[in-house]
Amino acid sequence: MTIHNNISIIVAIAQNFAIGKNNDLLFHLPNDLKRFKAITTGKTLIMGRNTLLSLPKWPLPNRRHIVISDQMDDCFEGCEVVASIEEALEKVKDEKEAFIIGGGMVYRQSYPLARKLYLTLVHKDFDADVYFPEIDYDEWNEAAREDYHDDKNNFDYSYIDLLRK
């Protein structure tokens, strides 16, 4: 598979790679949501249908939305609907950076293609029904890392930016 230099994944995961349950996030980190907004504003977001529907409000302001759906009669205001990850990647081929934002199936399809990974790693295991692909850290260089403690949830987490070797 070919690495796409303009494709980045942004995801918040638990240490057991859990990312969601019942089409919802596993934890609420306001600072992570602010980070997501800061990193993705002005860029294109690529997501699956369920991820779009899980957003409290869409489309998110100042971002282009490409939704991958196997239901081609889907029509979401302010969004472009495509049938595959390949079609989504074709639509962003001339952009400097586009973001994969979920869900599980879209992450699995795009993980081998992405050049950069913006990871929020919560240092705790969670029960989930959706998981991110297991990260082989030997394939990545750590470009940046910031460690935090969330008093409200009482767990530690880290922002880790990874670049594919």
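Relevant structure appears above.
In this report, we go over the structure that sits alongside the text.

Rules of the game
- Residues numbered from 1 in each chain as written.
- Predicted model: local features only at pLDDT ≥ 70, side-chain atom pairs only at ≥ 80, totals over all residues.
- Heavy atoms only, no water.
- Salt bridge = Lys/Arg side-chain N within 4 Å of Asp/Glu carboxyl O.
- Buried < 20%, exposed > 50% of the residue type's maximum accessible area, 1.4 Å probe, protein only.
- Helix = DSSP H or I, 4+ residues; strand = E, 2+ residues; numbered from the N terminus.
- Arc of directions from axis to C-beta.
- Contact = heavy atoms within 4.5 Å.
- Polar contact = N/O pair within 3.5 Å; in protein donor to acceptor, adjacent residues only side chain to side chain.
- 1 Å grid on protein atoms, 1.4 Å probe; cavity = no way out; pocket = protein on both sides within 12 Å on 5 of 7 lines; lining within 4 Å.
- Points joined across faces, edges and corners; volume = space filled by probe spheres on them.

**A short note on the pattern of salt bridges**
Reasoning step 1: On inspection of all chains with the given rule, the structure shows eleven salt bridges.
Reasoning step 2: In this structure, Glu 142 engages Arg 145 in a salt bridge whose closest nitrogen and oxygen atoms are separated by 3.5 Å.
Reasoning step 3: The exposure class of Glu 142 is partly exposed, given its relative accessible area of 47%.
Reasoning step 4: Residue Arg 145 is classed as partly exposed on the basis of its relative accessible area of 39%.

**Comments concerning helix 1 (residues 30–40)**
Reasoning step 1: Every buried residue of helix 1 is accounted for by Asp 32, Arg 35, Ile 39 and Thr 40. Within helix 1, the buried residues cover an arc of 110° as seen down the axis, which keeps them to one side. Residues Lys 34, Lys 37 and Ala 38 are exposed on helix 1 and point more than 90 degrees away from its buried face.
Reasoning step 2: Check the buried side of helix 1 and you find it contacts strand 1 (4–14), strand 3 (44–48), strand 6 (98–100), strand 7 (114–122) and strand 10 (155–164).
Reasoning step 3: Within two residues after helix 1, Gly 42 carries a phi angle of roughly 85°, on the positive side.

**Points about the side chain of Ser 69**
Reasoning step 1: Looking at where Ser 69 falls in the secondary structure, it is placed in the loop between strand 4 (64–68) and strand 5 (79–82).
Reasoning step 2: Here Gln 71 takes part through its backbone nitrogen, which lies 3.0 Å from a polar atom of the side chain of Ser 69.
Reasoning step 3: At a separation of 2.7 Å, a polar atom in the side chain of Ser 69 contacts the side chain of Asp 74.

**Let's talk about the layout of surface pockets**
Reasoning step 1: Considered as a void within the structure, the largest pocket measures approximately 1300 Å³ in volume.
Reasoning step 2: In terms of lining residues, the largest pocket is bounded by 47 residues, among which Leu 25, Thr 51, Ser 54, Ile 101 and Gly 102 are the most central.
Reasoning step 3: Among the elements of the structure, strand 1, strand 2 (18–20), helix 1, helix 2 (49–54) and helix 4 (104–110) are those that each provide at least two residues to the lining of the largest pocket.
Reasoning step 4: Of all the elements, helix 4 adds the most residues to the lining of the largest pocket, at six residues.

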